Amino acid sequence: ESAAAITEKVKSQLPPTGLTEDDKVSAPGTSFAAPLAAGILASLDSYQHLEVEEARQLLKSSADPIAGYSHLEQGGGFINAEKALRQLQERKKVA
């Protein structure tokens, strides 16, 4: 499944008010963010199996920082499913 398809699948499940102007999901708090992260990880894991630590590192390394917020305020930043999938695809090419 392509990164664009995964992104569209995730976006189709969200109310329009949950998106920023640049199509990032604004999900304050873990009650909203955790299910989104789990869904994205499930999609990525279906592409290539991920161990727990690999999944954690993948989300952190592919997240986009949130302008105007410190690391303590934003956690890892905006999850970027497309970037995470590209990283997995690159790993697969190398392996």
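Nothing here was measured: the structure is a model prediction, and the numbers come from that model.

J.: Please clarify how helix α5 (residues 81–94) should be interpreted in this entry.
T.: At 3.6 residues per turn, the α-helix brings residues three or four places apart onto the same side. With 14 residues, α5 extends 20 Å between its outermost C-alpha atoms, agreeing within 8% with the 20 Å of an ideal straight helix rising 1.5 Å per residue. Within the sequence span of α5, burial applies to A81, A84, L85 and L88. Within α5, the buried residues cover an arc of 100 degrees as seen down the axis, which keeps them to one side. Of the residues in α5, the exposed ones pointing more than 90 degrees away from the buried face are K93 and V94. N-cap assignment for α5: the residue whose side-chain oxygen lies 3.3 Å from the backbone N of E82 is N80.

J.: Which parts of the structure should I look at to understand the environment of Q48?
T.: For Q48, the position within the fold is in the loop between α2 (30–47) and α3 (52–62). Setting aside chain neighbours within four positions, we find Q48 in contact with L88 and K92.

J.: Even after reading the chapter, I still don't get the packing of α3 against α5, so can you show me in this structure?
T.: The relative placement of two packed helices is expressed as an angle between their axes plus a distance between the axes. At a minimum axis separation of 9 Å, α3 and α5 run at an interaxial angle of 120 degrees. In terms of orientation, α3 lies oblique with respect to α5. Here the hand of the crossing between α3 and α5 comes out right-handed. Taken together, the residues of α5 that come into contact with α3 (itself represented by E54, L58, S61 and S62) are K83, A84, Q87, L88 and R91. Partitioned by chemical class, the residues of the contact of α3 with α5 number 3 nonpolar, 3 polar and 3 charged.

Reading the values: rules and limits
Residues numbered from 1 in each chain as written. Predicted model: local features only at pLDDT ≥ 70, side-chain atom pairs only at ≥ 80, totals over all residues. Heavy atoms only, no water. Helix = DSSP H or I, 4+ residues; strand = E, 2+ residues; numbered from the N terminus. Expected span 1.5 Å × (residues − 1). Buried < 20%, exposed > 50% of the residue type's maximum accessible area, 1.4 Å probe, protein only. Arc of directions from axis to C-beta. Polar contact = N/O pair within 3.5 Å; in protein donor to acceptor, adjacent residues only side chain to side chain. Contact = heavy atoms within 4.5 Å. Axes fitted to C-alpha atoms, helices over the stretch in contact; angles between N-to-C directions. Parallel < 35°, antiparallel > 145°, perpendicular 65-115°, else oblique. Left-handed = near helix turned anticlockwise from the far one by under 90°. Nonpolar A, V, L, I, M, F, W, Y, C, P; charged D, E, K, R; others polar.

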